Amino acid sequence: MTRLMQQMAPLLRRLLQDDLAAEVRRQQLNLLALTAALFSVVGSSGAVLLAIYFRASLTVLSGLSCALIPLLYGALLWATRRWRADGLDHVFLRRGALLLAALGATWGLLINLLAPSALPNQQGVIDALVIALISTPLAVAPITAALAFWLPGALSGMLIVCFNNTGFDPFLVLCYLVYASFTLSAVLQLNRFMLDRSISQVILEKQNQTIAMFLQDYTENASDWLWETDQRLGLRHVSPRFADVAGKTQAELEGVPILSLLLTGADEAAADLDRSFSERAAFRNVVVPVSVGGEIRWWSITGRPVMGEGALFEGYRGIGSDVSDVRRSEQRVKFLALHDSLTGLANRQSFMDSLHEACVLKRNGRGNTDPVAALLLLDLDRFKDINDGFGHAAGDALLEAVGGRLRACLRGDSVVARLGGDEFGVLITASNEAAVFSVCQRVIDTLNVEYALAGSRHGIGVSIGVSFLDPDHAMPAHWLRCADLALYAAKAAGRGVWRLFRDEMITKEDDRLNLREDLRTAIGDGSLRLVYQPIFDVNSGAIVCVEALSRWEHAVHGAIPPSRFIRLAEETGMIGQLGVWALTEACRAAASWPAEVRIAVNVSPLQLRDGNFQAVVAHALAETGLAADRLELELTEYAYLDANERTLQSLQILRRAGVRIVLDDFGTGYSSLSYVASFQCDGVKIESSFIHDIETHVSKAAVVRAIGQLAAELQIPVTAEGVETAEQLEAVRGFAVTCAQGYFLQRPASEAVVRALLEGQAMPGISQPEAANAR
């Protein structure tokens, strides 16, 4: 018994500590409340019958006991009603235990009062009452209430057994003790059983409540929903979530065939679902389109057939979910894998696939239905000006607009792609070459129309390279290279035009690539050198400056024009190395000349973009010992316009250090006469085309005169380039031009020749034309 109590103690402590303890206690108190009514009826009736049966031997005390018992049972019923009203478990448990203890003691007292005077025929009733008194707690719970009734009753029974009318009988006492122990053990065991049962029931109820809550939440709020059909595939037991997703009410969906909601003929997966329903087969995660409120959405459906008795088909049960967002994301990923995210056009990979397909058809002889397949490579002109001047947002808007115009002006079967940056590709088929050329011109005219960007209108152009698919060389890489060479030719032709690929372009490109490799070694092997052309004061005839010019004497091709190898150096990224070499060599040569003579060095726009340009100039001056005020840097108008804020600041720092900045080839770019002042330059060089025929060309003379007058007002020198005759020299001298340079005065020469000129050994008198002829 002790061991049983020890086993129950941890269980009771766990209950008290557990969140379920209150529910278990309420369950047991509910049992007590239920048995209280039965005990009250039986107990009260028994007390009345005892009073009648023992009326002859009743005493005042025994009579009071008989009267007290119904009152105590009434109090127990009252306590039960109060508990059901106020729900105070601990109060009801305390009241119930006290009342049961009082009932047990009163019954024991009553039996002990009746036993001494009981007749022989009444003794059996006394014995039955003793047995009933210690057996009644077997039906009482919780254990506290059961023991409260059992203890006083067992003690009362022990008194009767020990002090009965026949005297003390040890064997009878032993039998009583055995039976009392049995009832106590049974009370404990039954209470533990009822306690375990209550715990299990409460846990089960909690679990059921949790499951029901989750199921309700899942049904109402989850992205998935449950669905069920009858044997005719009509929906039944429609959940609110399903109705919400379907865009209908539950009543509207009840009985509706599930297949009527699905667009089962839309694709292969939907057709498979239709077959599964027809064959009464299970299916899993079948994604099908559904029309909901006029919008196409996508559901993932899983279901299995439900079979009843005799394997009869009763319908389907399953789960569904709306995967429209996932489906759209997948479609977006697939789209972006083959399309440009900005313009929506095909991307490079997709375009290359189209080229490959066209080449395969041509090689297999199946591309002859359209006699001509043409590849067009497009490169936007002046796009960089828009992108840098107005920001990347304007550049992106321009690219989007270009993409839209290309789609609008080309046939629907044309493949249009953005290959990267401002480069586009077009694959078209046409009946003849003339039709392709017409498309090229239409594209140029369409893209040349101004665009509304950043609150104003801007015009750009486009250069196009065209290549027809050759059956003998039907390879995408070769086709693309041919179109690229044609595009290169279009740019070289002045932009805004289209050029058709010619076979000789490959030869020229190969020569250019070979020349590029030769240029890499030209500086080191001495084939690249500097020559010098003096700049004269038109009034005094003195050499005021000398311009350094690069020359390349190729071992195979002979003299390579500067316009060719300078551009090649810019394209290959070697212009920085070439510029450092030219600047250092020119400064080194000038360091040995008279201090009043300056050295002029041309600077490429790409050199200015290098963040180290200022340091490069400073290093060349420091290494050669040339004074900063003896160095002139000649920059074209385009170089000024292309320079960013950091580059312009570097130029101003160089100016403050004494380096002169001269605007070269003035008049060939974007200049206006009023724009010269904003450049903050130290001199202007008029492009040679304005000097040619100046003596007979009135408009050219007017431009040169205006430039000279403006420069005089700004107090900056003006140099006329390309003076080739005495008449031209006299003309510019009369237009306020301060300096002149050209073949008439002195051709570019080696450093030794220029040094001799500076030393006066062959100083030309520029007022004497015959001196120039001698040179």
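Residues numbered from 1 in each chain as written. Predicted model: local features only at pLDDT ≥ 70, side-chain atom pairs only at ≥ 80, totals over all residues. Heavy atoms only, no water.

Asks: Is there a simple way to explain the overall build of the protein in this structure?
Replies: Counting its regular elements, the protein contains 29 helices and 20 strands. Burial status across the protein gives 45% buried among its 775 residues. In the protein, of all internal contacts separated by at least 6 residues, the share reaching a separation of at least 24 is 65%. Per element, the accessible surface of the protein, about 38400 Å² overall, is 56% carbon and sulfur. (Helix = DSSP H or I, 4+ residues; strand = E, 2+ residues; numbered from the N terminus. Buried < 20%, exposed > 50% of the residue type's maximum accessible area, 1.4 Å probe, protein only. Contact = heavy atoms within 4.5 Å. Areas by Shrake-Rupley, 256 points an atom, 1.4 Å probe, with all protein chains shown as cover.)

Asks: I tried to follow the packing of aromatic side chains on my own but got confused; where do I start?
Replies: Tallied over the full model, the rule gives 14 aromatic pairs. With a centroid separation of 5.1 Å and 70 degrees between ring planes, the pair formed by tryptophan 225 and tryptophan 299 is classed as edge-to-face. Of this pair, tryptophan 225 sits in strand β1 (residues 224-228) while tryptophan 299 is found in strand β3 (residues 295-307), placing the two residues 74 residues apart along the sequence. For the residue pair tryptophan 225 and tryptophan 299, the accessibility class agrees, reading buried in each case. Seen in terms of ring centroids, phenylalanine 277 and phenylalanine 283 are 5.2 Å apart; in terms of plane orientation they differ by 70 degrees. Their pairing is edge-to-face. (Phe/Tyr/Trp six-rings, centres within 6.5 Å; stacked < 30°, edge-to-face > 60°.)

Asks: Mind showing me how you'd approach the sheet that holds strand β7 (residues 423-430) here?
Replies: To summarise the sheet geometry, strands pair through backbone hydrogen bonds and adopt either a parallel or an antiparallel arrangement. Read from one edge to the other, the open sheet built from 5 strands follows the order β6-β7-β5-β10-β11, with strand pairing classed as mixed. The open sheet has two free edges, formed respectively by β6 (415-420) and β11 (498-500), since each of these has just one partner strand. The average undirected angle you get between the axes of adjacent strands in this sheet is 20 degrees. As paired strands, strand β10 (residues 461-468) and β11 are joined by 3 bridges and run parallel to one another. Bridge pairing in β11 links valine 466 to leucine 500. (Pairing = 2+ DSSP bridges. Axes fitted to C-alpha atoms, helices over the stretch in contact; angles between N-to-C directions.)

Asks: Teacher, can you tell me more about the pattern of salt bridges here?
Replies: Side-chain pairs of opposite charge can arise where the charged atoms are in close proximity. Considering all chains together, one arrives at 25 salt bridges under this definition. With a shortest N-O distance of 1.8 Å, aspartate 272 and arginine 275 are connected by a salt bridge. Taken together, the positions of aspartate 272 and arginine 275, both in helix α11 (residues 268-278) and 3 residues apart, correspond to about one turn of that helix. The class for aspartate 272 is partly exposed, based on a relative accessible area of 29%. We note a salt bridge from lysine 491 to aspartate 379, for which the minimum N-O separation is 3.4 Å. One end of the pair, lysine 491, is in helix α17 (residues 476-492); the other, aspartate 379, is in strand β5 (residues 372-381), and 112 residues separate them in sequence. Lysine 491 gets classed as partly exposed once you look at its relative accessible area, which sits at 25%. It is possible to trace a salt-bridge network through shared partners that takes in Glu295, Arg297, Asp322, Asp325 and Arg328. (Salt bridge = Lys/Arg side-chain N within 4 Å of Asp/Glu carboxyl O.)

Asks: What's the story with the pairing of strand β2 (residues 283-292) in this structure? I'm lost.
Replies: Two faces, one strand: in a regular strand the side chains alternate between the faces of the sheet. Here β2 pairs with β3 via 8 bridges, running antiparallel. Bridged to valine 286 within β3 is isoleucine 301. Between β2 and β3, which pair antiparallel one after the other, the connecting turn spans 2 residues, and glycine 293 there sits at a positive phi close to 60 degrees.

Asks: Help me understand the environment of alanine 477 in this model?
Replies: Of note, alanine 477 is situated in helix α17. Classification of alanine 477 by relative accessible area gives exposed; the value is 58%. In sequence terms alanine 477 and leucine 355 are 122 residues apart; their C-alpha atoms lie 9.0 Å from each other.

Asks: Just to check I follow, could you spell out a nonpolar patch on the surface for this structure?
Replies: Judged by side-chain polarity, Val60, Leu61, Leu64 and Leu109 come together as a nonpolar surface patch covering roughly 390 Å² of accessible area. A per-element tally of the nonpolar patch places helix α3 (residues 60-86) first, with 3 residues. Its place among the elements puts leucine 64 in helix α3. (Patch = residues over 30% accessible without salt bridge, like charges linked within 9 Å, V, L, I, M, F, W, Y side chains within 5 Å.)

Asks: Whenever I open this one, the sheet that holds strand β4 (residues 313-322) confuses me. Can you help?
Replies: Strand order in the open sheet formed by 4 strands is β1-β4-β3-β2, and the pairing between neighbours is antiparallel. The open sheet has two edge strands, β1 and β2, and neither has a second partner. Within the sheet, the average angular offset between the axes of one strand and its neighbour, ignoring direction, is 30 degrees. The pairing of β1 with β4 spans 5 bridges and is classified as antiparallel.

Asks: Help me understand the confidence of the model for the protein, please; the structure alone is not making it clear to me.
Replies: Low pLDDT marks regions whose predicted coordinates should not be analysed in detail. Here the protein averages 81 in pLDDT, and 86% of its residues register 70 or above. Within the model, the stretch residues 761-775 combines pLDDT values under 50 with 26 contacts to residues more than four positions away or in other chains. (pLDDT = per-residue confidence, 0-100.)

Asks: Teacher, can you tell me more about helix α20 (residues 575-590) here?
Replies: Working note: α-helix, 3.6 residues per turn, so residues spaced by three or four point in the same direction. With 16 residues, α20 extends 22 Å between its outermost C-alpha atoms, agreeing within 8% with the 22 Å of an ideal straight helix rising 1.5 Å per residue. Residues Ile575, Leu578, Gly579, Trp581, Ala582, Leu583, Thr584, Ala586, Cys587, Ala589 and Ala590 constitute the buried set of α20. (Expected span 1.5 Å × (residues − 1).)

Asks: Looking at this structure, I do not really get the side chain of serine 239. What am I missing?
Replies: Examined against the element boundaries, serine 239 turns out to sit in the loop between β1 and α8 (240-246). Reaching out from serine 239, the side chain makes a polar contact with the backbone nitrogen of phenylalanine 242 at a distance of 3.2 Å. (Polar contact = N/O pair within 3.5 Å; in protein donor to acceptor, adjacent residues only side chain to side chain.)

Asks: Hey, could you run me through the nonpolar core in this one?
Replies: When a protein is soluble and globular, its nonpolar side chains tend to lie buried together. If you look at the biggest cluster of nonpolar residues, it comprises 75 residues, and the most contacted ones within it are Trp593, Ile599, Leu631 and Leu633. Considering each element in turn, this core owes the most residues, 9 residues, to α20. Leave out the neighbours within four places in its chain, and leucine 631 touches Leu583, Cys587, Ile599, Val601, Val617, Leu621, Leu626, Val659 and Arg660. With 39 residues, the next largest nonpolar core counts Ile69, Leu129, Ile143 and Ala154 among its residues. (Core = buried A, V, L, I, M, F, W, Y, C linked by side-chain atoms within 4.5 Å.)

Asks: What am I meant to see in unusual backbone geometry here?
Replies: Residues other than glycine predominantly adopt negative phi, and peptide bonds predominantly adopt the trans conformation. Positive phi is not limited to glycine here, since leucine 233 has a value of about 65 degrees. Looking at where leucine 233 falls in the secondary structure, it is placed in the loop between β1 and α8. For leucine 233, a relative accessible area of 10% corresponds to the buried category. Although it is not a glycine, alanine 736 adopts a positive phi angle of roughly 65 degrees. Tracing the backbone through its elements, the reader meets alanine 736 in the loop between α27 (726-733) and β20 (739-740). Using a relative accessible area of 36% as the deciding quantity, one classes alanine 736 as partly exposed.

Asks: What is the right way to read the side chain of histidine 458 from this model?
Replies: As for its placement among the helices and strands, histidine 458 is situated in strand β9 (residues 456-458). The class for histidine 458 is buried, based on a relative accessible area of 14%. Separated by 3.3 Å, the side chain of histidine 458 and the backbone oxygen of leucine 453 make a polar contact. A distance of 2.7 Å separates polar atoms of two side chains, one belonging to histidine 458 and the other to serine 456.

Asks: Is there a simple way to think about the packing of α20 against helix α22 (residues 613-624) in this case?
Replies: Interaxial distance between α20 and α22 falls to 9 Å at its minimum, and their mutual angle equals 35 degrees. Along this stretch, α20 crosses α22, giving a crossing that reads as right-handed. Where α20 approaches α22, its residues Val580, Leu583, Thr584, Cys587 and Arg588 are matched on the opposing element by Val616, Val617, Ala620, Leu621, Glu623 and Thr624. Among the residues forming the contact of α20 with α22, the class breakdown is 7 nonpolar, 2 polar and 2 charged. (Left-handed = near helix turned anticlockwise from the far one by under 90°. Nonpolar A, V, L, I, M, F, W, Y, C, P; charged D, E, K, R; others polar.)

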